[in-house]
Amino acid sequence: MNIMTLERTRPAIPSKLGVFLACPMRYLMESEQHSFRCLPLPPQAALGSAVHRLADTLQKSGENNPESIIQRLENDFVATLIKTQQGALALWVWERYGIAGLVSRQALIKYIRYTKSLVTPVTERVGHLPDMIKMRESVIPIGREKLLKSTCFDMQGRADLIYRKETGQIRVVDFKTGEVRDEKNQPKEEYLLQIAAYGMMVKELAPEINIELELAGVGGSWTGVLDNSLQECVNRVLVSFNEILPRNTSFSALNIARPGRHCIQCAGRCSCPIYSKNSCHFRQQFYPDDRHFSIDIHGRLLEVEMDDNFTTLRLLLPDGYMAKVFHIPTRFIPESNEMIGCDVTLYGLKVFGVSSEKKIPRNFYVVDTQEPRRSAFQFFLQWKKNQ
């Protein structure tokens, strides 16, 4: 039996500190190069990257034609899906249903409004620096997408925007395409750690300057200061980080995986030995209330029904119940006849409805033919021949 091992070779990444707190193995899976299988990223990840690039483009070009901007965002979004080789199902949906199968026009307009709301403030903020030429050329990297490095913390990351206010404070800004606050109206922990870490790297360059922090999201924003409490919080995380994941050391996944509710959102769970061994327990304990949430199932494949477009699978689950998985694009199941009678695991499925008493449902789907945007974009199938 091969032992799954991972290694940290890079400085700590501020945007992944929240991931580390949840699971050190997941941190390495998302931050280091490796050959282990991961689930496809959802289309929203590629869309978020495209939105960030659009903000840079609009700032430089000054383009203001709405239709042209929408077309630019759509093209970049699809190009990102193709370039990254992520999201085979997303590309299948795009080929069949067009861009509307991945994101609504209303959502695109919302993101463009958000992008344009970033462009003007960036121009105005950088405009506050008429007599800061020396500062631009000195230790603090003023401007957009600035790389920050810290030898003190062994950390590295790229801040979306750093600028100096008229009052003299330096403000560090991070742009988010989602909500920046949690259900208690507080900044999300992972975002707060990230922006505070950026602030600490700037303060390392200029200890005497006060640092302000800003999270600018589609649905709202948060501003604060880099105070002692925040710095101590990040310091504690970094101390733990370096103790648990020292550089250039190999780690067994069995020793650094931290199973929990977050597992159902981890793209690396299909390679995680702990999740694979206990996935049934996780499904029962952390089954979500939202019927559009993804879920994984494991069982013995009994029957395959195919037509030109879709395949349906019938499985015998470990609890003795039958389950069906509908609307799998046929080209994604090329070895269907060989799989009959074998153990299969299907990840990222969607469900037609919530069963009574929160029991695992028995009917699942991959492509939502009525609302393609609700399809199981992180779908992945594993199987092995029985001995």
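Please read all numbers here as calculations on a predicted model, not as lab measurements.

Chemist: What am I meant to see in the overall build of the chain here?
Modeler: If you tally the helices and strands in the chain, you get 12 helices and 13 strands. As displayed, the chain offers around 19,400 Å² of accessible surface, 48% of which is attributable to carbon and sulfur atoms.

Chemist: I keep staring at the packing of aromatic side chains and nothing clicks. Help me out?
Modeler: Any two aromatic rings considered together are summarised by their centre-to-centre distance and by the angle between their planes. Inspection of every chain in the model, using the stated rule, returns five aromatic pairs. Judged by centre distance (6.5 Å) and plane angle (85°), the ring pair of Phe20 and Tyr27 falls under edge-to-face. Assigned by exposure class, Phe20 and Tyr27 land together as buried. Taking 5.1 Å as the distance between ring centres and 75° as the angle between the ring planes, the aromatic pair formed by Phe20 and Phe241 counts as edge-to-face. Here Phe241 lies in helix α9 (residues 228–244) and Phe20 lies in helix α1 (residues 17–22), a separation of 221 residues in the sequence. Judged by its relative accessible area of 2%, Phe20 falls in the buried class. Residue Phe241 is classed as buried on the basis of its relative accessible area, which comes to 0%. In textbook terms, an aromatic cluster arises when at least three aromatic residues are bridged by ring pairs, as seen for Phe20, Tyr27 and Phe241. It is Lys110 that lies over the ring of Tyr111; its NZ or CZ is 5.2 Å from the centre. A cation over an aromatic ring shows up here: Arg362 above the ring of Tyr321, its NZ or CZ 4.2 Å from the ring centre.

Chemist: Can you walk me through the nonpolar core in this structure?
Modeler: Nonpolar side chains tend to gather and get buried jointly when the protein is soluble and globular. Among the nonpolar cores identified, the biggest contains 56 residues, and Met25, Ile162, Val172 and Leu213 are the most heavily contacted of them. Here this core gets nine residues from one element, more than from any other, and that element is helix α8 (residues 189–205). Every residue in contact with Leu213, bar those within four places of it in the chain, is listed here: Val172, Ile195, Ala196, Gly199, Trp222, Thr223, Gly224, Val225, Leu226 and Leu230.

Chemist: Help me out: how do you make sense of the confidence of the model for the chain in this one?
Modeler: In regions of low pLDDT, the predicted coordinates are not meant to be interpreted in detail. In the predicted model, the chain carries a mean pLDDT of 86, and 87% of its residues have values of at least 70. No element of the chain has a lower mean pLDDT than helix α7 (residues 133–137), which averages 44, and none a higher one than α1, which averages 97. Segment residues 127–137 is flagged for pLDDT under 50; beyond a separation of four residues in sequence, or across chains, it makes 11 contacts in the model.

Chemist: Explain the state of the cysteines here, please?
Modeler: Each disulfide consists of a covalent bond between the sulfur atoms of two cysteine residues. A full pass over the atoms with the stated rule returns zero disulfides. Cys38 takes part in no disulfide bond, and the closest cysteine sulfur, belonging to Cys270, lies 6.1 Å away. Under the relative-accessibility criterion, Cys38 is labelled partly exposed at 24%.

Chemist: Even after reading the chapter, I still don't get the pairing of strand β10 (residues 322–329), so can you show me in this structure?
Modeler: Each regular strand displays side chains that alternate between the two surfaces of the sheet. Direction of pairing for strand β9 (residues 310–316) relative to β10: antiparallel, over a ladder of six bridges. Residue pairing across strands places Phe310 opposite Pro329, the latter belonging to β10. The antiparallel hairpin formed by β9 and β10 contains five residues in its connecting segment, where Gly320 sits at a positive phi of about 95°.

Chemist: In this structure, what is going on with the packing of α8 against α9? I would like to understand it.
Modeler: A packed helix pair is summarised by two numbers, namely the angle formed by the two axes and the spacing between the axes. Contact geometry of α8 with α9 gives a least axis separation of 10 Å together with a crossing angle of 100°. If you check the angle between α8 and α9, you find them roughly perpendicular. Of the residues in α9, those in contact with Leu192, Leu193, Ala196, Ala197, Met200 and Lys203 of α8 are Leu230, Gln231, Cys233, Val234, Asn235 and Val237. A breakdown of the residues in the contact of α8 with α9 according to their chemical character gives nine nonpolar, two polar and one charged.

Chemist: Hey, could you run me through helix α5 (residues 88–97) in this one?
Modeler: Residues Leu89, Ala90, Leu91, Trp92 and Val93 constitute the buried set of α5. Packing partners of the buried residues in α5 comprise α3 (43–61), α4 (66–84), β9 and β10. Looking at the residues trailing α5, positive phi occurs at Gly98, about 80°.

Chemist: How should I be thinking about the sheet that holds strand β3 (residues 155–164) in this particular structure?
Modeler: Paired through their backbone hydrogen bonds, the strands of a sheet run either parallel or antiparallel. Taking strand neighbours across the sheet as the criterion, the five strands line up as β2-β3-β4-β5-β6 in an open arrangement whose pairing is mixed. Where the open sheet ends on each side, the last strands, each with one partner, are β2 (143–150) and β6 (220–225). Strand after strand, the sheet turns through a mean of 35° between neighbouring axes, direction not considered. Of the pairings in the sheet, the one linking strand β4 (residues 170–176) to strand β5 (residues 211–217) comprises seven bridges and is parallel in character. Paired with Lys176 across the strands is Gly217, a residue of β5. α8 rests against β2, β3, β4, β5 and β6 of the sheet, and its axis sits at about 150° to β4.

Chemist: Whenever I open this one, a nonpolar patch on the surface confuses me. Can you help?
Modeler: A contiguous nonpolar patch, built from Leu302, Leu316 and Met322 and spanning about 220 Å² of accessible area, is present on the exposed surface. For Met322, the location among the structural elements is in strand β10.

Chemist: It is not clear to me how the pattern of salt bridges should be interpreted in this structure. Could you clarify?
Modeler: A pair can form between side chains of opposite charge whenever their charged atoms are brought close. Across all of its chains, the model carries 20 salt bridges by this definition. With a closest N to O distance of 3.8 Å, Asp154 and Arg8 form a salt bridge. Linking Asp154 in the loop between β2 and β3 with Arg8 in the loop between β1 (5–7) and α1, this pair joins segments that are 146 residues apart in sequence. Residue Asp154 is classed as partly exposed on the basis of its relative accessible area of 22%. A relative accessible area of 1% means that Arg8 is categorised as buried. Notably, a salt bridge pairs Glu145 with Arg144, separated by 3.8 Å at the nearest N-O pair. Residue Glu145 is classed as partly exposed on the basis of its relative accessible area, which comes to 24%. Linked through salt bridges whose partners overlap, the residues forming this network are Lys165, Arg171, Glu212 and Glu214.

Cut-offs applied
- Residues numbered from 1 in each chain as written.
- Predicted model: local features only at pLDDT ≥ 70, side-chain atom pairs only at ≥ 80, totals over all residues.
- Heavy atoms only, no water.
- Helix = DSSP H or I, 4+ residues; strand = E, 2+ residues; numbered from the N terminus.
- Areas by Shrake-Rupley, 256 points an atom, 1.4 Å probe, with all protein chains shown as cover.
- Phe/Tyr/Trp six-rings, centres within 6.5 Å; stacked < 30°, edge-to-face > 60°.
- Buried < 20%, exposed > 50% of the residue type's maximum accessible area, 1.4 Å probe, protein only.
- Lys NZ or Arg CZ within 6 Å of the ring centre and 35° of its normal.
- Core = buried A, V, L, I, M, F, W, Y, C linked by side-chain atoms within 4.5 Å.
- Contact = heavy atoms within 4.5 Å.
- pLDDT = per-residue confidence, 0-100.
- Disulfide = S-S within 2.5 Å.
- Pairing = 2+ DSSP bridges.
- Axes fitted to C-alpha atoms, helices over the stretch in contact; angles between N-to-C directions.
- Parallel < 35°, antiparallel > 145°, perpendicular 65-115°, else oblique.
- Nonpolar A, V, L, I, M, F, W, Y, C, P; charged D, E, K, R; others polar.
- Patch = residues over 30% accessible without salt bridge, like charges linked within 9 Å, V, L, I, M, F, W, Y side chains within 5 Å.
- Salt bridge = Lys/Arg side-chain N within 4 Å of Asp/Glu carboxyl O.

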